[in-house]
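Observations on the three-dimensional arrangement
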Amino acid sequence: DTAVSQTPKYLVTQMGNDKSIKCEQNLGHDTMYWYKQDSKKFLKIMFSYNNKELIINETVPNRFSPKSPDKAHLNLHINSLELGDSAVYFCASSETTGGDIQYFGAGTRLSVL
Amino acid sequence: RKEVEQDPGPFNVPEGATVAFNCTYSNSASQSFFWYRQDCRKEPKLLMSVYSSGNEDGRFTAQLNRASQYISLLIRDSKLSDSATYLCVVNGWGDKIIFGKGTRLHILP
């Protein structure tokens, strides 16, 4: 049973399209995250939700909209995709906020053509 | 000073050797420290938490130096399977967890 699962694993799309990535965790954790890892491999936090409430929103373009229908799910919708959005997007969860261990999904490799 | 800083490497080390990495952090109020490992095209996974008193897990030893604001990771008797990128993780301002850019390690046969 995968603890943090995200779909799809690969996403290839044209500039200007809108796409969504889904994430689910079965660990009973309160906090979920979205990270972006670019071609230079730098892992940068985008959003963090605690019990469906947004707690961290880094300087991410408002084309990116996270949605947490319940604490086990955190989806990421991206509007008007740009070439620079090409990256690996990781979902993660932790028991609570702050200094807890994070468990990552396998990543979604997004390529914008 | 950057929030979390690591030497990107790569460190090319012969099998069986001992290798050590450091990671410096800027927030003196940080309380949580971790080392994660990321294999090529995979997700990061926790290697070990770093405790104030230092801790050891098999061939791996982690240390925290609060005075100089750095954590370290020592790998003894390195194996080919230790080749990976090692990410230093520190909790920053407002409970935010910050990942370093990682140190690449290549173990050479």
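Residues numbered from 1 in each chain as written. Chains lettered and ligands numbered in written order. Predicted model: local features only at pLDDT ≥ 70, side-chain atom pairs only at ≥ 80, totals over all residues. Heavy atoms only, no water.

For the rest of this paragraph, the subject is the nonpolar core. Among the nonpolar cores identified, the biggest contains 23 residues, and B:Phe21, B:Trp35, B:Ile71, B:Leu73, B:Ile75, B:Tyr86 and B:Leu105 are the most heavily contacted of them. Within the residue set of this core, elements represented by two or more residues are strand S3 (19-25), strand S4 (33-38), strand S7 (60-65), strand S8 (70-75), strand S9 (84-91) and strand S11 (103-108) of chain B. Core analysis: the second largest hydrophobic core is formed by 20 residues, A:Val4, A:Trp34, A:Val60 and A:Leu110 among them. (Core = buried A, V, L, I, M, F, W, Y, C linked by side-chain atoms within 4.5 Å. Buried < 20%, exposed > 50% of the residue type's maximum accessible area, 1.4 Å probe, protein only. Helix = DSSP H or I, 4+ residues; strand = E, 2+ residues; numbered from the N terminus.)

Glancing now at the side chain of A:Thr31. All names here are of chain A. Inspection of the secondary structure assignment puts Thr 31 in strand S4 (residues 31-37). For Thr 31, a relative accessible area of 0% corresponds to the buried category. Within the structure, Thr 31 has its side chain in polar contact with the side chain of Asn 50 (distance 2.7 Å). (Polar contact = N/O pair within 3.5 Å; in protein donor to acceptor, adjacent residues only side chain to side chain.)

The next subject is the sheet that holds strand S7 (residues 64-70) of chain A. Residue and element names in this part refer to chain A. In space, the four strands of this open sheet follow the order S1-S3-S8-S7, with antiparallel pairing throughout. Looking along the sheet, the strands with just one partner apiece sit at the ends: strand S1 (4-7) and S7. Strand-to-strand, the axes of this sheet are offset by a mean angle of 15 degrees, without reference to chain direction. Sheet topology note: the strand S3 (residues 19-25)/strand S8 (residues 73-78) ladder contains four bridges and is antiparallel. By the bridge assignment for S8, Lys 19 is matched with Ile 78. (Pairing = 2+ DSSP bridges. Axes fitted to C-alpha atoms, helices over the stretch in contact; angles between N-to-C directions.)

Attention now moves to the state of the cysteines. Two cysteines, two sulfur atoms, one covalent bond between them: this is a disulfide. According to the stated counting rule, one finds two disulfides over all chains in the structure shown. What pairs with A:Cys23 in a disulfide is A:Cys91, and their sulfur atoms sit 1.8 Å apart. Handedness here is read from the sign of the S-S torsion; for A:Cys23 and A:Cys91, about -75 degrees, the answer is left-handed. One end of the pair, A:Cys23, is in strand S3; the other, A:Cys91, is in strand S9 (residues 87-94), and 68 residues separate them in sequence. Residues A:Cys23 and A:Cys91 agree in their burial class; the two are buried. With a sulfur-sulfur separation of 1.9 Å, B:Cys23 is cross-linked through a disulfide to B:Cys88. Taking the sign of the torsion about the S-S bond as the criterion, the disulfide between B:Cys23 and B:Cys88, at about -70 degrees, is left-handed. (Disulfide = S-S within 2.5 Å.)

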